[in-house]
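Next come the chains, spelled out residue by residue.
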Amino acid sequence: QVQLVESGGGLVQAGGSLRLSCAASGRTFSNYVMAWFRQAPGKERENVARITWMGGITYYAASVKGRFAISRDNAKNTVYLQMNSLKPEDTAVYYCAADTIIRPTGSYAYWGQGTQVTVSS
């Protein structure tokens, strides 16, 4: 019932920045906890960041803390992931996910198609 579309991925040099966007449609956006996951080749899916309904509480994986920032604009039905000081190990497909409550990793109800982020060294 919710469609999520990521954008903003691409190729960037190490140390550079990208901002990912996830546009949602189908339901009231503020009803959903939003999260970003990533999947690198040969690695398990990782919960990168999460933001609660009104943006009051955020979570970051230790691997990205201090470099990435998640935010949301409920008026625009959009969640963002600002990615700074990018490293080659950040290379992955990044997925946007949504659910009405906080759930264990992998159990979010709705997922986007993913956007590729490649960081060159």
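Procedures and definitions
Residues numbered from 1 in each chain as written. Predicted model: local features only at pLDDT ≥ 70, side-chain atom pairs only at ≥ 80, totals over all residues. Heavy atoms only, no water. Pairing = 2+ DSSP bridges. Helix = DSSP H or I, 4+ residues; strand = E, 2+ residues; numbered from the N terminus. Axes fitted to C-alpha atoms, helices over the stretch in contact; angles between N-to-C directions. Buried < 20%, exposed > 50% of the residue type's maximum accessible area, 1.4 Å probe, protein only. Disulfide = S-S within 2.5 Å.

Student: Mind showing me how you'd approach the sheet that holds strand β7 (residues 68–73) here?
Tutor: For sheets, the rule is that strands pair by backbone hydrogen bonds, running either parallel or antiparallel. Reading across from one edge, β1-β3-β8-β7 is the order of the four strands in this open sheet, with antiparallel pairing throughout. Two strands bound the open sheet, and with one partner strand each, they are β1 (3–7) and β7. Between one strand and the next, the sheet's axes are offset by a mean angle of 15°, whatever the strand orientation.

Student: Before we go on, may I ask you to explain unusual backbone geometry in this structure?
Tutor: The phi dihedral of Asn77 is positive, around 55°, even though this residue is not glycine. Along the chain, Asn77 falls in the loop between β7 and β8 (78–83). Under the relative-accessibility criterion, Asn77 is labelled partly exposed at 24%. A positive phi angle, close to 50°, is found at Ser85, a residue other than glycine. Relative to the helices and strands, Ser85 is located in the loop between β8 and β9 (92–99). A relative accessible area of 41% means that Ser85 is categorised as partly exposed.

Student: Mind showing me how you'd approach the state of the cysteines here?
Tutor: Joining two cysteines, a disulfide is a covalent bond between their sulfur atoms. Across all of its chains, the model carries one disulfide by this definition. The disulfide partner of Cys22 is Cys96, and the gap between their sulfur atoms is 2.1 Å. For the disulfide bridge between Cys22 and Cys96, the dihedral angle about the S-S bond is near -80°, and by the sign convention the bridge is left-handed. Here Cys22, found in strand β3 (residues 18–25), pairs with Cys96, found in strand β9; they are 74 residues apart in sequence, far enough to count as distant.

Honestly, that's just the spatial picture; any functional story needs more than this.
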